[in-house]
Amino acid sequence: METSVNLDFNEEEKKFRESIRQWMVENVPEDVRSCTARGAMPDKSMQQRWERLLGSKGWLTTTWPEQYGGPGWSATQRYIFDLERALAGAPPTSPFGVAMVGPVLYTFASEEQKERWLPGIQSGETLWCQGYSEPNAGSDLASLKTRATLNGDHYLVNGQKIWTTQAHWADMMFCLVRTDNTVKQQQGISFLLIDMKTPGLEVRPIYSIDGHHHLNEVYFTDVKVPVENLVGKEGMGWTIAKFLLTHERTTIAGVADIHHEINRLKSAMESLPTENERQQAQRRLASLEIDLMALEYTNFRTVAATDEGKPFGPESSGLKIKGTELQQRVSQAMVEIGGLMSLPWDNKQPIGDEVFNQASRRYNFLRACTIYGGSNEIQKNVLAKMLLGL
Ligand SMILES: Cc1cc2nc3c(=O)[nH]c(=O)nc-3n(C[C@H](O)[C@H](O)[C@H](O)COP(=O)(O)OP(=O)(O)OC[C@H]3O[C@@H](n4cnc5c(N)ncnc54)[C@H](O)[C@@H]3O)c2cc1C
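Residues numbered from 1 in each chain as written. Predicted model: local features only at pLDDT ≥ 70, side-chain atom pairs only at ≥ 80, totals over all residues. Heavy atoms only, no water.

(A) Region of interest: the domain arrangement of the chain. The domains assigned to the chain are domain 1 (11-92), domain 2 (128-240) and domain 3 (254-388). The centre of domain 1, based on its C-alpha atoms, is set 20 Å off from the matching centre of domain 3. In this assembly, 18 residues from domain 1 lie in contact with 18 residues from domain 3. For the pair domain 1 and domain 3, the two sides together bury roughly 1400 Å², of which 59% comes from carbon and sulfur. Between D257 and R85 there is a salt bridge, with the nearest N and O atoms lying 2.8 Å from each other. In this structure, the connection of domain 1 to domain 3 is made through three residue pairs in polar contact (both at pLDDT 80 or more). Those elements that provide at least two residues to the side of domain 1 that touches domain 3 are α2 (30-37) and α4 (75-87). (Domains from an automatic or database assignment. Contact = heavy atoms within 4.5 Å. Buried area = accessible area lost by both parts, 1.4 Å probe. Salt bridge = Lys/Arg side-chain N within 4 Å of Asp/Glu carboxyl O. Polar contact = N/O pair within 3.5 Å; in protein donor to acceptor, adjacent residues only side chain to side chain. Helix = DSSP H or I, 4+ residues; strand = E, 2+ residues; numbered from the N terminus.)

Written as structure tokens, this is what we have:
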């Protein structure tokens, strides 16, 4: 695809950048900034407080079309906003409402559903989670078994989801369910919106390798879901799921946040005790920065293509692979450069720079980023199919 690439911001974009930078300096709450600076993750109340603040400015749903309350920014402006957000030390927004179910709703939902669900996402009031994966349906998502049976004016949902990020925070789940067993696997799937407080729905925690509780198992026993919570028609779930996954993959690349991570590493490196260690760390940093620049150019290509009204292509899979690999390499560099300072320090007095103290947690968490959002092996299959016709 021939696309002009904007490597230099024009005067208007530079002014926009300056105004966003200023706003971030004045408005990112100090506790949020210091949490991210340490490499820690905000808890629910901190995350929601930050998202409500963005929501009150109309800046939570920057990717949404104006008619649904987006600010009407170009893709370049959105990119600038995200970059300045990350450089100011503010966390990324939770993707499930804004980047995933929101676009599904304004694309596929009825007017009543849009009116009911979009405002809560826009303001940061309603938190969502994604109920796709099941114990035997991850990469092979189409084999999911959670069953929704029509019973008058509602569905009865039975089954299990797994790896459901933030299910313990969420008010609502968007969920893939099987409504028909008699047709081809993909055609029997539907897209339901489920209130997390419905009787029969149970959330059980999974503690991940970084020691935190992000993930859950969700069990459904005769969970009653009103028919008006079906998005699109019965059997349209697979079409919606594919649409949503493309949105998910572009956000997972995390270019803006890698900038912030590299800045954190740079400043922590100054605390290394010897000149020799600092020089070795500099060489490693240079290689990471070069790879970030390459990733950013690819990102600019998709930004420019979006500004020209072109649809996402295979780039979203490429960005997901390269972005997540780079996130892992930066976190690995942080652990290795920090050495003793980066050892897990629960129950011990930490030594040295706090950035290094948190590094092993982050390193451990990021082992998962090449798996979630469709594993990188699956992305390579997507690329092979789309680019090579294999
Ligand atoms: C931290 C984290 C957060 C997550 N959050 C959510 C969430 O909020 N909601 C949700 O629904 N899911 C979530 N997931 C689940 C995630 O989408 C799945 O883990 C992922 O799709 C892989 O599925 P699986 O775990 O069943 O592994 P499997 O599909 O069993 O894959 C196992 C391995 O085999 C490889 N493999 C499988 N099939 C192929 C193939 N055809 N070709 C080549 N290699 C293949 C995979 O790449 C992987 O390495 C999350 C996962 C993690 C780790």
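(B) Spatial organisation of the site of the ligand. Surveying the vicinity of the ligand reveals 17 residues, the closest of which are S133, S139, W163, S375 and E377. Backbone polar atom of S133 to an oxygen atom of the ligand: 2.7 Å apart, as the coordinates give it. Measuring from a nitrogen atom of the ligand, one finds a side-chain N or O atom of T165 at 2.7 Å. The fraction of the free accessible surface of the ligand (970 Å²) that becomes covered by protein chains is 65%. A class-by-class count of the residues in the shell around the ligand yields eight nonpolar, eight polar and one charged. Here the shell around the ligand spans two domains, and each of domain 2 (128-240) and domain 3 (254-388) adds at least three residues to it. (Near = heavy atom within 4 Å. Areas by Shrake-Rupley, 256 points an atom, 1.4 Å probe, with all protein chains shown as cover. Nonpolar A, V, L, I, M, F, W, Y, C, P; charged D, E, K, R; others polar.)

(C) Broad picture of a nonpolar patch on the surface. A surface patch of nonpolar side chains, amounting to about 490 Å² of accessible area, comprises M386, L387, L388 and L390. As for its position among the elements, L390 is in the segment after α13 (376-388). Judged by relative accessible area, L390 falls into the exposed class, the value being 71%. (Patch = residues over 30% accessible without salt bridge, like charges linked within 9 Å, V, L, I, M, F, W, Y side chains within 5 Å. Buried < 20%, exposed > 50% of the residue type's maximum accessible area, 1.4 Å probe, protein only.)

(D) Spatial organisation of the side chain of T370. Along the chain, the position of T370 falls in the loop between α12 (359-366) and α13. Using a relative accessible area of 17% as the deciding quantity, one classes T370 as buried. A distance of 3.2 Å separates the side chain of T370 from the side chain of Q328, its partner in a polar contact. Not counting residues within four places of it along the chain, the set of residues in contact with T370 comprises K320, T324, E325, Q328, S375 and N376.

(E) The arrangement of helix α5 (residues 95-108) in detail. Between its terminal C-alpha atoms α5 stretches 18 Å, which fits the 20 Å expected from 14 residues at 1.5 Å a residue. The largest bend along α5 measures about 40° and falls at V101, with the proline P103 one to four residues further on. Counting buried residues in α5 gives 11 out of 14 residues, a clear majority hidden from the surface. Every buried residue of α5 is accounted for by F96, G97, V98, A99, M100, V101, G102, P103, V104, L105 and Y106. (Expected span 1.5 Å × (residues − 1). Bend = angle between axes of the 7 residues up to and from the residue.)

(F) A look at the pairing of strand β7 (residues 213-226). With eight bridges connecting them, strand β3 (residues 154-162) and β7 associate as antiparallel partners. Pairing of G159 across the sheet is with F220, part of β7. Where strand β6 (residues 201-207) and β7 come together, seven bridges link them in antiparallel fashion. Each residue of the ladder has a partner; that of I206, found in β7, is L215. Linking β6 to β7, which pair antiparallel, is a turn of five residues; within it G211 sits at a positive phi near 85°. (Pairing = 2+ DSSP bridges.)

(G) Main features of helix α9 (residues 275-307). End to end, α9 covers 46 Å across 33 residues, agreeing with the expected 48 Å (1.5 Å per residue, within 8%). Among all positions of α9, only A281, L285, L288, L292, L295, E296, N299, F300, T302, V303, A304 and A305 are buried. Where α9 is buried, its residues contact α4, α8 (255-269) and α10 (315-338). Remark: G309 follows α9 within two positions and exhibits a positive phi of approximately 80°.

(H) Just the packing of α10 against α12, in detail. Their axes nearest at 9 Å, the elements α10 and α12 cross at an angle of 155°. Comparing their axes, α12 and α10 come out roughly antiparallel. By crossing handedness, the relation of α10 to α12 is classed as left-handed. Side by side, α10 and α12 meet where Q327, Q328, S331, Q332, M334 and V335 of the first sit next to A359, S360, Y363 and L366 of the second. Residue composition of the contact of α10 with α12, grouped by class: five nonpolar, five polar and no charged. (Axes fitted to C-alpha atoms, helices over the stretch in contact; angles between N-to-C directions. Parallel < 35°, antiparallel > 145°, perpendicular 65-115°, else oblique. Left-handed = near helix turned anticlockwise from the far one by under 90°.)

(I) Quick peek at the environment of E354. By the secondary structure assignment, E354 is in helix α11 (residues 354-357). Residue E354 is classed as partly exposed on the basis of its relative accessible area, which comes to 42%. Residues E354 and R38, 316 residues apart in the sequence, show an inter-C-alpha distance of 6.3 Å.

(J) Up close: the environment of A88. With respect to the helices, strands and loops of the structure, A88 is situated in the loop between α4 and α5. Taking the relative accessible area as the measure of exposure, A88 reaches 13% and is therefore buried. In the structure, A88 is positioned 65 residues away from W23 in sequence and 9.8 Å away in space, judged by C-alpha atoms. The contact partners of A88, leaving out residues within four places of it in the chain, are M24, V28 and R33.

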